[in-house]
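Examining the three-dimensional arrangement
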Amino acid sequence: MEYTQLGRTGLKVGRLVLGTMNFGPQTDEATSHAIMDAALDAGVNLFDTANVYGQTAGKGRTEEIIGSWFAKDPSHRDKVVLATKMYGSMAEDAPAWPNHDRLSAVSIRRAVEGSLRRLGTDHIDVYQFHHIDRLTPFEEIWQAVDVLIRQGKILYAGSSNFPGYKIAQANEAAARRGMVGLVSEQCHYNLHERRAEMEVLPAAEEYGLGVIPWSPLAGGLLGGVLRRTAAEGRRATGRTAHRLADPAVRARVQAYEDLLDKHDLDPGETALAWLLGRPGVTGPIIGPRTPQQLTSALRALELRLGEELLTALDEIFPGPGPAPEAFAW
């Protein structure tokens, strides 16, 4: 495993991040524990989750599975950089009760206490805001964070799905309070979805945030979906099938797989390797449903993409260009 600093902090994290969203809904507790065991054995130390993860198994279920894994072997907690997120309501079916979602100081305090209880730990290493809150001022958010840091319940704060201007606003507000501010940003970023390059990545670089891309395989589009379905004699299903119904998307995915066939490369591993080579990227989030998927993802760490291949990938999936040049001059 390769390690790097998380943004401008002194915290060392692995270049691959274990995403746990499948734990509970698609992966049972025993298999989830086996995946976490294997990830830790491979040197993966940044584990990412969220309070609402669990979906059909119930919101909070994913954090509970991680908590039961810590309980089996308390030494795991000291080896893991634990990151979770909050924003949405934890209510299953009913609308959110007032102050039970978003980023008010009341909501932040309630969410932290709930996550600590489910995770079975006394602190969260990186506490992340899952979305921007257009109603709550950053002065209130940072006051709540400051209290939690002083109480020892969180160590760092991060963001997820923030636009560039909100990263700037958040960290300028933190600086006025003499605080470190956001240290990481989880953003939607992969070969197929490169809009983060326009303003989110430059803002993260300017303010020293580590970038943690989610959906590195574009929801399965970059994982060899056409190759796999052809070999299995079936069609793609669900959201992937819906996206492939767009002729332009399907043509790009086909060109991608054809290119990698010529180089004898695995599509999913290549998509991860591409992100690992992008400036400012700390490490992509991988979300294995099985130990075998984890093993495949780990191989991306050894893959180095040559300039000719990178140029060809840019031709298939061109980026938007930086702001303001992308939309001005």
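Okay, so let's go over this structure. (Residues numbered from 1 in each chain as written. Predicted model: local features only at pLDDT ≥ 70, side-chain atom pairs only at ≥ 80, totals over all residues. Heavy atoms only, no water.)

Brief notes about helix H1 (residues 29–41)
Compared with the 18 Å implied by 1.5 Å per residue over 13 residues, the 18 Å span of H1 between its first and last C-alpha is a close match. Buried within H1 we find Ser 32, His 33, Ile 35, Met 36, Ala 39 and Leu 40. Projected down its long axis, H1 carries its buried residues within an arc of 160°, all on one side. In H1, those exposed residues whose orientation departs by more than 90 degrees from the buried face are Ala 30 and Asp 41. (Helix = DSSP H or I, 4+ residues; strand = E, 2+ residues; numbered from the N terminus. Expected span 1.5 Å × (residues − 1). Buried < 20%, exposed > 50% of the residue type's maximum accessible area, 1.4 Å probe, protein only. Arc of directions from axis to C-beta.)

A closer look at the environment of Asp 125
Within the element layout of this structure, Asp 125 appears in strand S6 (residues 124–129). For the pair Asp 125 and Ile 65, spaced 60 residues apart in sequence, the C-alpha to C-alpha distance is 18 Å. Residue contacts for Asp 125: discarding those within four places in its chain leaves Arg 77, Val 80, Val 81, Leu 82, Leu 155 and Tyr 156. For Asp 125, the side chain forms a polar contact with the main-chain nitrogen of Leu 82, separated by 2.7 Å. Here His 123 takes part through its side chain, which lies 3.1 Å from a polar atom of the side chain of Asp 125. (Contact = heavy atoms within 4.5 Å. Polar contact = N/O pair within 3.5 Å; in protein donor to acceptor, adjacent residues only side chain to side chain.)

A look at unusual backbone geometry
For the peptide bond that leads from Ala 323 to Pro 324, omega is 0°, which places it in the cis range. By the secondary structure assignment, Pro 324 is in the segment after helix H13 (307–316). Despite not being glycine, Gln 55 shows a phi value in the positive range, around 40°. Tracing the backbone shows Gln 55 in the loop between strand S4 (46–48) and helix H2 (61–72).

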